[in-house]
Number of protein chains: 6
Amino acid sequence: MAETVRVCELNWIDYDRRLREDAPVVMLPVGSLEQHGPHLPMHCDALIPTAICEAVAARTGDLVAPTISYGYKSQPKSGGGNHFPGTTSLDGQTLIFVVRDVIKEFARHGVRKLTLMDGHYENNMFLVEGIDLALRELRRDGIDDLRIAKLPYWEYASQATLDKVFPDGFPGWPLEHAGVMETSVMLHLHPALVNMDKVPTHPPADFPRHDMYPYDPATVPSSGALSSARIATAEKGKMFVDEYVDGAVAALAEAFGEPRAAKRVVA
Amino acid sequence: MAETVRVCELNWIDYDRRLREDAPVVMLPVGSLEQHGPHLPMHCDALIPTAICEAVAARTGDLVAPTISYGYKSQPKSGGGNHFPGTTSLDGQTLIFVVRDVIKEFARHGVRKLTLMDGHYENNMFLVEGIDLALRELRRDGIDDLRIAKLPYWEYASQATLDKVFPDGFPGWPLEHAGVMETSVMLHLHPALVNMDKVPTHPPADFPRHDMYPYDPATVPSSGALSSARIATAEKGKMFVDEYVDGAVAALAEAFGEPRAAKRVVA
Amino acid sequence: MAETVRVCELNWIDYDRRLREDAPVVMLPVGSLEQHGPHLPMHCDALIPTAICEAVAARTGDLVAPTISYGYKSQPKSGGGNHFPGTTSLDGQTLIFVVRDVIKEFARHGVRKLTLMDGHYENNMFLVEGIDLALRELRRDGIDDLRIAKLPYWEYASQATLDKVFPDGFPGWPLEHAGVMETSVMLHLHPALVNMDKVPTHPPADFPRHDMYPYDPATVPSSGALSSARIATAEKGKMFVDEYVDGAVAALAEAFGEPRAAKRVVA
Amino acid sequence: MAETVRVCELNWIDYDRRLREDAPVVMLPVGSLEQHGPHLPMHCDALIPTAICEAVAARTGDLVAPTISYGYKSQPKSGGGNHFPGTTSLDGQTLIFVVRDVIKEFARHGVRKLTLMDGHYENNMFLVEGIDLALRELRRDGIDDLRIAKLPYWEYASQATLDKVFPDGFPGWPLEHAGVMETSVMLHLHPALVNMDKVPTHPPADFPRHDMYPYDPATVPSSGALSSARIATAEKGKMFVDEYVDGAVAALAEAFGEPRAAKRVVA
Amino acid sequence: MAETVRVCELNWIDYDRRLREDAPVVMLPVGSLEQHGPHLPMHCDALIPTAICEAVAARTGDLVAPTISYGYKSQPKSGGGNHFPGTTSLDGQTLIFVVRDVIKEFARHGVRKLTLMDGHYENNMFLVEGIDLALRELRRDGIDDLRIAKLPYWEYASQATLDKVFPDGFPGWPLEHAGVMETSVMLHLHPALVNMDKVPTHPPADFPRHDMYPYDPATVPSSGALSSARIATAEKGKMFVDEYVDGAVAALAEAFGEPRAAKRVVA
Amino acid sequence: MAETVRVCELNWIDYDRRLREDAPVVMLPVGSLEQHGPHLPMHCDALIPTAICEAVAARTGDLVAPTISYGYKSQPKSGGGNHFPGTTSLDGQTLIFVVRDVIKEFARHGVRKLTLMDGHYENNMFLVEGIDLALRELRRDGIDDLRIAKLPYWEYASQATLDKVFPDGFPGWPLEHAGVMETSVMLHLHPALVNMDKVPTHPPADFPRHDMYPYDPATVPSSGALSSARIATAEKGKMFVDEYVDGAVAALAEAFGEPRAAKRVVA
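Predicted model only: the values in this text are computed from it and were never measured.

What counts and what doesn't
Residue positions are given per chain, counting from 1 as you read along its sequence in written order. Following the order in which they are written, the chains are lettered starting with A and the ligands numbered starting with 1. The model is predicted, so local features are restricted to residues of pLDDT at least 70 and side-chain atom pairs to those at 80 or more, both for listing and for counting; the totals for chains, interfaces and linings are taken over all residues. Here the side-chain values reflect all heavy atoms present in the structure, with hydrogen atoms and water set aside. Think of it this way: a Phe, Tyr or Trp ring, Trp meaning its six-membered ring, pairs with another when their centres are within 6.5 Å, and the plane angle makes it stacked under 30 degrees, edge-to-face over 60, tilted otherwise. In this scheme, a residue with accessible area under 20% of its type's maximum is buried, one over 50% is exposed, and one in between is partly exposed, where area comes from a 1.4 Å probe on protein chains only. Working rule for contacts: check all heavy atoms of both residues, and any pair within 4.5 Å makes them a contact. A run of H or I in DSSP counts as a helix once it spans at least four residues, and a run of E counts as a strand once it spans at least two, with each numbered from the N terminus. Each polar contact in these results corresponds to two N or O atoms within 3.5 Å; when the atoms are within protein, one needs to be able to donate a hydrogen and the other to accept it, and residues that are neighboring in sequence are counted only if both atoms are side-chain atoms. Think of a salt bridge as a Lys or Arg side-chain nitrogen and an Asp or Glu carboxyl oxygen that are within 4 Å of each other. The pairing criterion is simple: DSSP has to find at least two bridges between the two strands. When the copies are overlaid, the least-squares fit takes in C-alpha atoms only where the residue has pLDDT of at least 70 in both copies. Accessible area, probed at 1.4 Å, shrinks when two parts are joined; the buried area is that loss added up over both. Think of pLDDT as the predictor's per-residue confidence, scored from 0 to 100.

Asks: Describe in detail the packing of aromatic side chains, supporting the description with residues and values.
Replies: Under the defined criterion, the tally for this structure stands at 48 aromatic pairs over all chains. Ring centres of Phe166(B) and Phe170(B) lie 5.1 Å apart, and the angle between their planes is 55°; on these two criteria the pair is classed as tilted. A residue is classified by how much of its surface remains accessible, and Phe166(B), at 6% relative accessible area, is buried. Judged by its relative accessible area of 29%, Phe170(B) is partly exposed. Measuring from ring centre to ring centre gives 5.2 Å for Tyr153(D) and Trp154(D), while their planes differ by 80°; the resulting arrangement is edge-to-face.

Structure follows, in structure tokens:
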């Protein structure tokens with residue numbers, strides 16, 4: 001198990017052997033380059049699912065593909081909106097095509113268990129469409145046994161953890177953009193990239209139920225964060241990450257059966 | 001106010017006059033053709049937002065454009081999935097283009113207040129992208145003052161109503177596909193199209209947190225409904241619709257100011 | 001035969017049963033939202049083929065799918081041009097994709113007899129391309145027995161009727177935009193939507209043989225009608241509609257064999 | 001006037017000078033590679049408009065761009081259908097893009113008078129869309145004074161000529177695919193490419209009013225011609241071509257004013 | 001062998017017979033409309049590969065399809081850049097689609113040996129992609145035995161010829177845009193289209209290693225030629241063309257086996 | 001200068017400040033996931049330009065954007081071909097769109113100096129097209145002062161270095177796929193990812209001048225390397241990297257003027 005979990009660090013012969021011997025899950029993190037307030041780096045949505053995928057793969061004997069680094073346009077209510085400098089987004093069609101193409105290539109290699117782990121809420125439906133187009137084309141190419149799991153890592157947080165982390169009540173995932181959860185997780189995974197001195201302390205964003213296009217940037221907190229992360233800690237981050245990894249490991253087992261590592265240990 | 005609220009029933013000269021005199025909101029319902037269990041017709045997602053838009057327009061003096069009748073692919077957790085006979089869906093890119101084109105045309109007419117009311121949850125991000133592409137192109141055409149509101153009608157249900165309708169607790173909107181709310185609303189709006197004798201009585205669908213592609217149809221209730229609508233009534237439907245209309249009227253006021261009808265009444 | 005002919009009013013289980021028991025034709029009306037002079041509503045091109053399809057289906061036991069409400073860009077010589085307020089059109093590629101997607105979905109349901117009835121002349125070649133792309137993809141999906149008939153309803157008018165309706169000679173279909181035929185048919189089908197007081201009385205449009213892009217709007221009658229409908233009557237409309245329905249029923253029989261109703265009557 | 005009329009034979013400096021000094025019309029022939037019966041070469045639809053454009057340009061001092069050699073899919077009722085060997089067609093979107101791109105480039109050069117002459121009936125609406133997209137993009141690029149004329153050469157045949165050529169009555173343009181007119185014109189323009197010994201003598205094709213997709217190839221004459229050209233002669237061809245050239249010259253004058261040659265003769 | 005080598009001059013029955021009897025290679029020249037300095041016509045990149053293909057086909061018994069006349073955008077270092085009047089280019093996607101569509105059609109006819117000969121350096125990768133998309137779709141259509149050769153004619157020039165033509169050293173193909181080779185070849189093939197009086201005498205273009213976008217037109221020689229063709233002669237042109245034809249004939253033999261003419265001579 | 005050069009590690013406020021204060025170049029590495037023989041990891045084409053960009057930025061005070069990790073399809077003569085397991089490629093259109101979208105976003109942030117450094121030869125023309133589409137759209141958005149430099153790092157190797165590294169003569173860049181240069185550079189940059197024990201020792205690949213589609217995988221060395229890297233060393237790698245960095249620094253100075261670091265040092 002000392003081998004890398006990163007597809008990109010393997011040579012093709014080892015990769016090919018791994019596919020044939022272990023039939024591993026290939027996990028594809030999908031992120032974004034998006035402002036995350038004044039205290040977090042702009043690659044949170046890529047770094048977090050990548051780290052979770054690598055931790056999962058280290059336990060299961062699976063593989064992690066290179067992260068898709070650019071995602072769909074940030075929306076005001078879940079990411080602050082796409083007007084911020086630094087936020088660097090793709091058109092929907094572009095993201096759909098990237099996902100479609102990459103999936104088809106892994107299927108060509110012989111991968112039959114694929115997992116997409118999304119770190120950027122706005123990507124979701126474009127991943128769905130990219131997956132659907134890939135599966136449709138693959139069926140035409142005679143490949144009908146690829147199975148893909150899309151894993152929403154944040155949903156593996158337990159209520160107990162949420163209660164502990166948010167003593168005043170959990171504000172909901174959308175407002176968590178650059179909030180307590182993401183900041184805690186980053187403090188745990190990449191503390192050098194977090195500057196807690198700059199955490200905004202403004203109240204959570206307050207949005208009407210409808211959406212305006214174009215929206216008025218003044219309706220979004222000028223910090224770019226949708227709620228304050230001042231109670232974030234690395235310990236909380238570890239609690240989340242542990243549950244995310246456990247949840248994802250369990251989901252892979254449910255989706256694809258016995259972990260691949262088992263086979264390797266036996267062999 | 002006896003004039004029709006339907007753009008499609010106006011002749012172009014009256015339509016043009018209305019635009020210039022009243023500067024009305026044009027409301028665009030977006031639906032789908034999607035199975036809704038054994039007891040509901042397949043056009044619920046089009047009929048409901050169309051009816052709400054027309055009721056709103058009758059109060060505000062606004063207009064309703066022809067409904068977009070086909071929507072994005074049904075997903076298992078919110079619509080039962082796209083494998084059912086009858087469910088008739090568009091690719092993501094197709095829906096994006098339809099929305100983009102129609103918006104640009106209304107802007108060319110001189111409409112500067114536009115509203116999309118979506119009746120099919122899966123459409124949402126493709127509407128967002130269609131809106132974004134339209135606004136981007138319109139800016140290049142020198143039109144930068146079109147404002148668009150996207151209205152989620154179901155979010156205008158009050159907690160009081162939800163408590164009343166669901167004495168055992170509200171199961172959440174996604175499981176409401178062909179459930180108590182949609183069925184009640186259809187009983188109120190189009191009772192002849194509802195067959196309460198066929199309402200399924202199975203327990204709500206139970207999904208894992210992750211999504212599988214392709215999914216196993218056996219993981220979706222074979223009725224196509226995600227929860228049982230057996231407690232649906234027309235009275236409950238009226239409660240919902242009244243709140244939806246009130247909520248939408250208020251949202252339009254917030255988004256676009258004084259109702260257009262005011263001007264007409266004065267004039 | 002008391003059952004609805006509208007797919008959208010059926011629940012999926014009845015729809016599925018109809019497909020399996022009767023193998024009906026599914027008829028897809030395709031229209032536009034396009035100005036039709038000062039005396040007709042803007043949805044003529046959708047309303048007319050929809051009404052004909054429903055009348056046909058009532059006789060044959062077939063089904064009518066939700067109308068495609070927005071069509072290709074109006075051209076000066078056949079629809080007055082796309083500069084009028086109210087005319088709301090799709091790009092060619094958009095319409096191609098809509099038609100392609102919808103056809104593929106009906107094929108997935110098991111429909112093997114499909115009919116497109118177009119009410120908007122400008123749509124035609126984009127329907128042809130949408131059909132071709134759908135059939136090409138379906139063949140790759142292993143479906144090669146879908147047959148599609150495209151029906152030009154207006155061509156089922158007899159010379160006798162044309163002679164009777166146009167005592168001074170039939171000016172040709174393109175100039176009939178908002179003219180005697182369409183107005184008569186609307187007087188028969190939807191009299192409340194026609195305002196004969198506003199019928200323009202100008203002479204027919206006179207176009208050179210070539211087309212200019214961009215065209216000068218002054219070369220098109222400012223009414224939006226290409227000829228005068230002042231001799232239109234509901235009686236004439238009934239004559240046309242009767243022949244359209246008869247013609248379409250006969251065409252379906254020629255294209256697809258014995259009417260589906262026969263089977264139902266026997267059963 | 002001894003200079004070539006062909007853009008492709010000019011060097012760029014002479015081309016540029018011609019544009020600035022004469023402001024000529026650039027004429028773009030659009031054709032197809034399509035079977036034309038056993039007696040005609042497959043490039044008729046390219047050769048004929050190219051020859052007409054060159055003859056026009058020789059009289060008017062205008063220019064002819066390289067012909068677009070591949071066109072839209074042949075349809076049974078106007079070209080025999082796309083199943084014949086040799087017929088080599090583009091998807092609709094492809095032809096739209098070619099036309100759009102080429103127009104935009106001529107506009108970039110400074111051309112402000114452009115003419116499309118189509119030799120292949122099926123191309124028409126895709127030319128319309130390519131023109132519309134080009135003009136839309138050009139407006140965004142600040143170019144709003146490009147005018148484009150689309151010329152239907154065959155419509156410049158006079159009734160007198162049709163009466164002379166078809167003593168038994170003119171069957172209509174669609175059935176003229178590889179018929180008397182096209183064959184006569186080819187005998188006049190390219191006699192070496194016509195083999196009158198092989199002219200089919202079967203009766204004209206007889207089609208129902210509706211269209212079937214896929215169509216049965218047996219419903220199309222197996223020769224690929226839609227009517228017999230046995231009465232075709234070079235003399236008749238000359239009559240047609242003379243009228244086509246006269247008609248096009250007159251149309252250019254109507255569309256764009258005084259011929260460009262006038263300026264050159266004077267200068 | 002007196003029959004034409006041009007597909008476009010054949011009727012479909014002879015074409016079809018040739019395909020079935022000889023299984024010839026169909027050669028598709030791909031060019032551009034691009035400025036080639038003050039002394040060469042703008043269609044060099046189409047004329048040269050077309051002439052080579054026709055000469056090859058005359059020896060091998062193969063066929064030549066109509067040339068694709070418009071190519072990808074001229075680049076400064078290989079074609080002077082796309083800012084020159086006269087240069088008329090397609091977007092990458094457009095060229096990809098044209099190539100894809102045309103290849104698929106030839107495959108449908110039964111062609112199984114196809115050759116693309118490119119005369120315009122900038123086209124290359126878009127041809128590669130068009131080929132790849134066509135082969136991918138054809139496999140889905142059950143055609144997996146089409147083989148395509150892409151021939152770079154200029155690479156068949158021998159070092160001996162280059163040494164003879166360029167006594168001061170060969171500057172490399174990119175700088176040969178409108179240079180000694182292309183001019184010599186045109187003097188040999190189309191002397192009437194070359195004006196040696198206008199050959200520029202400026203030194204070769206001198207570019208940095210990197211590329212700028214947008215580039216400064218002043219960094220490209222204002223003549224449009226990248227080097228001087230003053231030593232070009234028809235004799236040198238003949239040397240090149242002879243080697244190109246020999247090289248292409250040999251390449252076809254290597255790619256597709258015994259020349260098709262052999263079969264015809266025997267028969 | 002202790003600040004990170006990675007855009008993705010900055011928070012948006014620092015990024016925005018850097019843009020406004022320093023007007024830095026943003027450098028975008030573009031790579032691929034492609035087999036690189038049995039001895040190199042599959043992300044060489046991403047790792048190498050990323051490392052060079054970061055080294056350049058550390059000297060110039062510029063910034064490096066997240067690497068585009070997936071590139072265009074591997075070609076036999078430059079990358080071994082796209083049939084190898086592990087090679088994971090995008091369609092041309094997909095890569096064009098990714099490049100277009102990302103460029104437009106950086107321009108929106110206010111970046112006016114952009115650099116693309118490509119590590120994967122096959123990407124090149126798709127980058128060109130992506131750049132062209134982005135600049136075209138940006139002009140329509142009123143941004144016409146973005147300048148983009150595309151840097152071919154390998155061309156900054158001096159002849160002296162090539163002579164030293166390849167005592168038997170430099171085989172040319174295409175055959176260097178997984179060859180001496182790439183291996184040496186990886187030994188210098190990422191020694192832990194190189195396994196010199198597995199370096200293939202077969203002779204360089206030998207290709208005909210033409211390209212076949214589909215190609216026979218047997219015509220490509222089964223190792224995936226196009227030449228042997230057995231003489232690769234980390235010292236040679238350092239020589240290359242030093243020249244690449246020097247060359248790129250000089251190119252940026254030529255393209256964009258005084259290094260950004262100067263400003264920062266002064267300030």
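Asks: Describe in detail the arrangement of the chains, supporting the description with residues and values.
Replies: Chain A makes no contact with chain D; the smallest distance between any of their C-alpha atoms is 17 Å. Chain C makes no contact with chain F; the smallest distance between any of their C-alpha atoms is 17 Å.

Asks: Before we move on, can you summarise the side chain of Thr183(C) with the specific residues and values?
Replies: Residues and elements named next belong to chain C. By the element assignment, threonine 183 lies in helix 7 (residues 180-189). Taking relative accessible area as the criterion, threonine 183 reaches 0% and is therefore assigned buried. A distance of 3.5 Å separates the side chain of threonine 183 from the backbone oxygen of alanine 178, its partner in a polar contact. When neighbours within four sequence positions are excluded, threonine 183 is seen to be in contact with His39, Leu40, Ala178, Val194, Met196, Ala229 and Ala232.

Asks: Give me the pattern of salt bridges: which residues, what numbers.
Replies: Following the criterion strictly, the structure yields 144 salt bridges over all chains and no others. The closest approach of N and O atoms between Arg18(B) and Asp22(B), which form a salt bridge, is 3.6 Å. Taken together, the positions of Arg18(B) and Asp22(B), both in helix 1 (residues 12-22) and four residues apart, correspond to about one turn of that helix. In this pair, the class of Arg18(B) matches that of Asp22(B), namely buried. One salt bridge connects Asp211(E) with Lys150(F), and the closest N-O pair in it is separated by 3.5 Å. In this pair, Asp211(E) is assigned in strand 7 (residues 211-213) and Lys150(F) in strand 6 (residues 147-151), connecting two distinct chains. Residue classification places Lys150(F) among the buried positions, given a relative accessible area of 6%.

Asks: Residues and numbers for the pairing of strand 5 (residues 113-118) of chain F, please.
Replies: Residue and element names in this part refer to chain F. For strand 5, the buried fraction is high: six of the six residues fall into the buried class. With burial as the criterion, each face of strand 5 is covered, one bearing Lys113, Thr115 and Met117 and the other bearing Leu114, Leu116 and Asp118. Across five bridges, the pairing between strand 1 (residues 26-30) and strand 5 is parallel. Counterpart to valine 26 in the pairing with strand 5 is leucine 114. Here strand 5 runs beside strand 6; their pairing, made up of five bridges, is parallel. Along strand 6, the bridge assignment pairs threonine 115 with alanine 149.

Asks: How would you summarise the relation of the copies chain F and chain E if you had to cite specific residues and measurements?
Replies: Laying chain F over chain E is done by rotating through 180° and shifting 0.0 Å along the axis; what remains is an RMSD of 0.0 Å. The operation mapping one copy onto its partner corresponds to a two-fold rotation axis. Of all interface residues in chain F, 100% are interface residues in chain E too; the two copies therefore contact each other through one and the same surface.

Asks: So what's going on with the interface of chain A and chain F? Which residues, and what values?
Replies: Counting residues at the interface gives 52 residues for chain A and 52 residues for chain F. For the chain A and chain F pair, buried surface summed over both sides reaches about 3900 Å², with 60% attributable to carbon and sulfur atoms. Among the residues of chain A in contact with chain F, Trp12(A), Tyr70(A) and Pro85(A) are the three that bury the most area, contributing 18% of the side total. The interface formed by chain A and chain F includes four salt bridges.

Asks: Which residues make up the relation of the copies chain A and chain F, and what values do they have?
Replies: When chain A is fitted to chain F, the best match, at an RMSD of 0.0 Å, comes from turning it 180° and sliding it 0.0 Å along the axis. Of all interface residues in chain A, 100% are interface residues in chain F too; the two copies therefore contact each other through one and the same surface.

Asks: Would you mind going over the confidence of the model for chain A in detail, with residue names and values included?
Replies: In the predicted model, chain A carries a mean pLDDT of 95, and 97% of its residues have values of at least 70. Across the whole predicted complex the pTM is 0.97, and at the interface the ipTM reaches 0.97.

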